[in-house]
Amino acid sequence: MTAGKSLPMQHLGEIQKQTTIVPRKGLPMQHWGEMRCHIRMLNWLLGSEARRKADFAEPRKRLDEMYAGLSEVKDAEAALPKKERLLEMMNYFEEALNKYMFQSFVGARGAETFVAANIQRLGWAYEFFRQHPRALEKKIEKPIIILGLHRTGSTTLQRLLSLDPSANEMNLWKICADPLNDTYQSACTKVRRDFTFDAVSPSFQQGLVDYHPMEPDLPDEDSMLVFPFFRVAADYAVNYPSESVHVQKLMNDPQQQRDGFRFVRQWMKMWSVKENPLVKPEETEETRHWVIKNPSHGYAIKELLEEFPDARLVFTHRKFAECIKSMAGLKLVCLAPLTEPSMFDSHLIGMNATIFEQILARRTVEFVKEHPSRDDVHVTHKKIMADPIGTVRDIYEQFGMPFTEEYHQILKEFVAGSPPVPSAVKKSLSHFGLTVDDVMNADAAAYDAMFVDGK
C-alpha cells in the first residue's frame, strides 16, 4: 500500500493487531502499549524498512552553506572548527546509528532533525561572531564545571549553584535561542517543541520529565552544544558495542573533544556580551562566573582543562550500581520511541548504560590519581539530597568564594519549595535483566572505593 493515503478499515485492524505486544521490563504497561501503537502506525504509514536508515544529507547541506562565508569571521577557527572534522564525525555517527540502533522510522527521521538542529546552532554562533567579532575577545574566567557519572545529582547541584545572583547560568532557553533572531518567548517555544514528545505519547513525555525535569528557565547541561561534534553521540543508540570503531572514534578523538569544549566557550562568550540583545546588563559584568555541567565531559577531562585551565571542577558521586539503575531507566524512556519496537530490548539498554558508565568511572579515577594536588571538590549524591545548602556552602568555602546572605536566603526558599525526588528513578537492576555482579567490574569497584564508600 502507498504510504500516506487514507487507510481502509481492514488495514487499521491489522495495525491494531500488530500493537498487541507483551512489554519488556522497564516501563509501565500503559506506556508501552501507547508508544508501540503510535510508533508502529507511524512506521507503517510513512516508511519501509529501507527508509528507517538515517540520512544526514540535510545537515551536510547546512554545513556547506554555513562554511561558505566563514572567511568573513575574524579568527574564524576560534569560532568554529574545521568543516572536514565535523563531516568526518558526522559520517561515523550516521554509520553507527544505521548499523547498531535498529531504528524506527521515527528514530531515523528524529536523528536527522536533531543533528540538523544542532548544526544550526553552529550557524547562529557563526553569524553572531561575523557581525560582532569583538565578542570573541570576551574572557570566561573560573567557571564552575560540574562533572561526575550520570544520575549522581549533578542537575540538582547545577540548579542550586546557578541560583547565586553572581552566576551566569546555562538555561535551556539560551541553548535553544538564536540571539540575533529570537526573543525570549520564541526561544521558550523552541524548548517546548524540541523537548516535547506528545506527538508520540503524552505519558512518555511525563515519564521523561520524571527523570529529568526540563523547562525553558531551568539550567541544563550543554549536550546540545557539543552534540555537533558527536562526542556524546554514543549515548544516543541502544546497543553500541564498546569495542566498535565508531565508539572509539566518537569518544576518544582528542581534537573532537577540544572542538566541542571550544564551542561551549564561544557560546558562553556570546551570552556574556552586551551585543547579544537577550543578555541582561548584569550578565556582562566581569566579576560574574558561569556554572555549567555535563557528565559526558568526564570522558575528556584533560581536553576540558586545556580549554578551561582555571575551571573550578566539582565532581558528583553515587554508588555505581545506583547510577546504573537510574541511567538505564532514563535511557529506556528516551530511546523507546526511537527504536523499532520488535527490536527493543531493555537488557541492551542496561548493558549500554553499564559499559559507558564503567568507562566514565575509570577515567574519573585515573584523573584524580594523576592530579593529587588539584583543589577540586567531590560531593556525594547522598549529601546533595540530605543537605543541599550545606553542600553549596562547603563548595564555596573550598573555592574561596563569598557565600552571601542574599544567596543563602534564595537557596532556603528554593529548597523549601522544591518537589520530592521523582519515584521514576527508583528502578531495580532486575528491570534490565542485570544483577550487581553484572555491573560491578574492577573500574566500578575502584570508583566506589575512592569516592563513595564510607563517605
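Residues numbered from 1 in each chain as written. Predicted model: local features only at pLDDT ≥ 70, side-chain atom pairs only at ≥ 80, totals over all residues. Heavy atoms only, no water.

### Some thoughts on the nonpolar core
Inside soluble globular proteins, nonpolar side chains tend to come together where they are buried.
So, step 1. If you look at the biggest cluster of nonpolar residues, it comprises 57 residues, and the most contacted ones within it are Trp271, Phe308 and Leu313.
So, step 2. Among the elements that take part in this core, helix H6 (residues 105–131) stands out by supplying nine residues, more than any other.
So, step 3. Among residues more than four places away in sequence, those in contact with phenylalanine 308 are Ile140, Pro143, Ile145, Phe261, Val264, Arg265 and Met268.
So, step 4. Grouped together as the second largest cluster of nonpolar side chains are 30 residues, Phe344, Ile349, Leu360 and Phe432 included. (Core = buried A, V, L, I, M, F, W, Y, C linked by side-chain atoms within 4.5 Å. Buried < 20%, exposed > 50% of the residue type's maximum accessible area, 1.4 Å probe, protein only. Helix = DSSP H or I, 4+ residues; strand = E, 2+ residues; numbered from the N terminus. Contact = heavy atoms within 4.5 Å.)

### A word on the pairing of strand S4 (residues 312–317)
So, step 1. The buried fraction of S4 amounts to six of the six residues, a majority that puts the element mostly inside the structure.
So, step 2. Examined bridge by bridge, strand S1 (residues 144–148) and S4 share five bridges and lie parallel to one another. Within S4, the position partnered with isoleucine 144 by the bridge is arginine 312.
So, step 3. The sheet contact formed by S4 and strand S5 (residues 377–380) spans four bridges and is parallel. Following the sheet pairing, phenylalanine 315 is matched in S5 by histidine 378. (Pairing = 2+ DSSP bridges.)

### Points about the sheet that holds S1
So, step 1. Taking strand neighbours across the sheet as the criterion, the five strands line up as S2-S3-S1-S4-S5 in an open arrangement whose pairing is parallel. This sheet does not close on itself; its edge strands, each paired only once, are strand S2 (167–169) and S5. Strand-to-strand twist of the sheet, defined as the mean angle between neighbouring strand axes without regard to direction, takes the value 25 degrees.
So, step 2. Against the sheet, helix H16 (residues 346–370) touches S1, S4 and S5, its axis set at about 135 degrees to S4. (Axes fitted to C-alpha atoms, helices over the stretch in contact; angles between N-to-C directions.)

### A word on the side chain of histidine 381
So, step 1. Looking at where histidine 381 falls in the secondary structure, it is placed in helix H17 (residues 381–386).
So, step 2. When residues no more than four places from it in sequence are discounted, the contact partners of histidine 381 are Arg151, Thr152, Gly153, His317 and Arg318.

### What about the packing of aromatic side chains?
So, step 1. Counted under the stated rule, the structure contains nine aromatic pairs.
So, step 2. The interplanar angle of 55 degrees and the centroid separation of 5.9 Å between the aromatic rings of phenylalanine 263 and tryptophan 267 together place this pair among those described as tilted. In this pair, phenylalanine 263 and tryptophan 267 are both assigned in helix H13 (residues 254–270), four residues apart and thus about one turn of the helix distant.
So, step 3. The buried category is assigned to phenylalanine 263, whose relative accessible area is 1%.
So, step 4. Each member of the aromatic cluster is reached from another via a ring pair, and the members are Trp173, Tyr184 and Trp271. (Phe/Tyr/Trp six-rings, centres within 6.5 Å; stacked < 30°, edge-to-face > 60°.)

### Some details on the confidence of the model for the chain
Atom-level detail of predicted coordinates should not be read off regions where pLDDT is low.
So, step 1. Per-residue pLDDT for the chain averages 78, and the proportion of residues at 70 or more is 73%.
So, step 2. Note on residues 197–201: pLDDT under 50 across the span, and 12 contacts to partners over four residues away in sequence or across chains. (pLDDT = per-residue confidence, 0-100.)

### Some words on the pattern of salt bridges
So, step 1. The full count for this structure, using the stated rule, is 23 salt bridges.
So, step 2. A salt bridge links glutamate 94 to arginine 60; the nearest nitrogen and oxygen atoms lie 2.6 Å apart. Placement of the pair is glutamate 94 in helix H5 (residues 83–100) and arginine 60 in helix H3 (residues 57–67), with a sequence separation of 34 residues.
So, step 3. Here glutamate 283 ties to lysine 174 by a salt bridge, and the two come within 3.1 Å at their closest N and O atoms. Within this pair, whereas glutamate 283 is found in the loop between H13 and strand S3 (289–293), its partner lysine 174 is found in helix H8 (residues 172–175), the two being separated by 109 residues in sequence. Each of the two residues, glutamate 283 as well as lysine 174, counts as buried.
So, step 4. Connected through shared salt-bridge partners, Asp259, Arg262, Arg265 and Glu307 make up one network. (Salt bridge = Lys/Arg side-chain N within 4 Å of Asp/Glu carboxyl O.)

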